[in-house]
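# Fold and geometry: a report
The chain contents come next:
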Amino acid sequence: MSNKKTPIFILNDQGTCDFSDIAKSLNESKDYIVVNGNTFCNFPLELAYLRNEWLKVCFEISEKIGLPIVINASLMPTTIKNLDNAKLFSDIHFIATVSDNNRFTQRYNELNITNNDWITPARMSNDYLREHAQTEYPEMKVFDISDMSLSEAVAEIDAFIRERIS
């Protein structure tokens with residue numbers, strides 16, 4: 001095991017309907033590992049404890065295989081930056097994908113998603129990220145994917161990640 005810290009990336013992809021589309025494509029990289037973090041984000045009890053433990057697991061995976069981790073999760077900087085195990089990483093990079101309202105609605109319609117109990121919170125989060133992500137601390141890198149194809153969005157996010165791990 002090395003003592004060299006690696007960065008971690010938190011991908012909050014509210015701009016897509018299927019939260020795993022971008023992550024699945026990024027997962028093809030051999031330069032970092034993408035993990036689904038929504039299970040530890042949405043657990044109803046002891047969120048801070050579970051998030052802290054999940055960061056430790058991610059660190060141990062990263063250390064063992066020697067690659068940085070990208071967590072695909074609906075997380076904001078305030079939910080991670082003050083956790084003790086956040087210090088295990090050299091840097092924490094927050095990435096957000098957003099869409100304008102027309103494209104957001106179009107994506108849901110294309111997938112025949114009509115459940116407002118699911119659409120409304122997703123839209124609210126997308127709107128919040130679109131309007132306020134750059135005022136979060138640490139700042140989130142925002143990718144407006146309204147007019148991008150999946151492959152274009154993945155290429156831009158991949159380039160952002162690679163610039164920070166090279």
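Residues numbered from 1 in each chain as written. Predicted model: local features only at pLDDT ≥ 70, side-chain atom pairs only at ≥ 80, totals over all residues. Heavy atoms only, no water.

Read across the open sheet, the five strands follow the order 2-3-1-4-5; overall the sheet is parallel. Of all the strands in the sheet, just strand 2 (33-36) and strand 5 (140-144) have a single pairing partner and so form its edges. Each strand of the sheet is rotated relative to its neighbour by a mean of 25 degrees, with strand direction disregarded. Bridge count for strand 1 (residues 8-12) against strand 4 (residues 92-98) is five bridges, and the pairing is parallel. Directly across from Ile10, in strand 4, lies its bridge partner Phe94. Across the sheet, helix 6 (residues 116-132) is in contact with strand 1, strand 4 and strand 5; its angle to strand 4 comes to roughly 115 degrees. (Pairing = 2+ DSSP bridges. Helix = DSSP H or I, 4+ residues; strand = E, 2+ residues; numbered from the N terminus. Axes fitted to C-alpha atoms, helices over the stretch in contact; angles between N-to-C directions. Contact = heavy atoms within 4.5 Å.)

Moving on: the nonpolar core. In terms of nonpolar packing, the biggest core is built from 22 residues, with Ile8, Leu55 and Ile71 touching the most fellow members. Of all the elements in the fold, those that place two or more residues in this core are strand 1, helix 3 (47-65), strand 3 (69-72) and strand 4. Considering each element in turn, this core owes the most residues, four residues, to strand 4. Excluding residues that lie within four positions of it along the chain, Leu55 makes contacts with Ile8, Ile71, Ile80, Leu83, Asn85, Ala86 and Phe89. Leu26, Val70, Ile95 and Ala153 belong to the second-largest nonpolar core, a separate cluster that totals 17 residues. (Core = buried A, V, L, I, M, F, W, Y, C linked by side-chain atoms within 4.5 Å. Buried < 20%, exposed > 50% of the residue type's maximum accessible area, 1.4 Å probe, protein only.)

All right, on to helix 3 then. With 19 residues, helix 3 extends 27 Å from end C-alpha to end C-alpha; this agrees with the ideal 27 Å at 1.5 Å per step. Count one or two residues on from helix 3 and you reach Gly66, which has phi positive near 75 degrees. (Expected span 1.5 Å × (residues − 1).)

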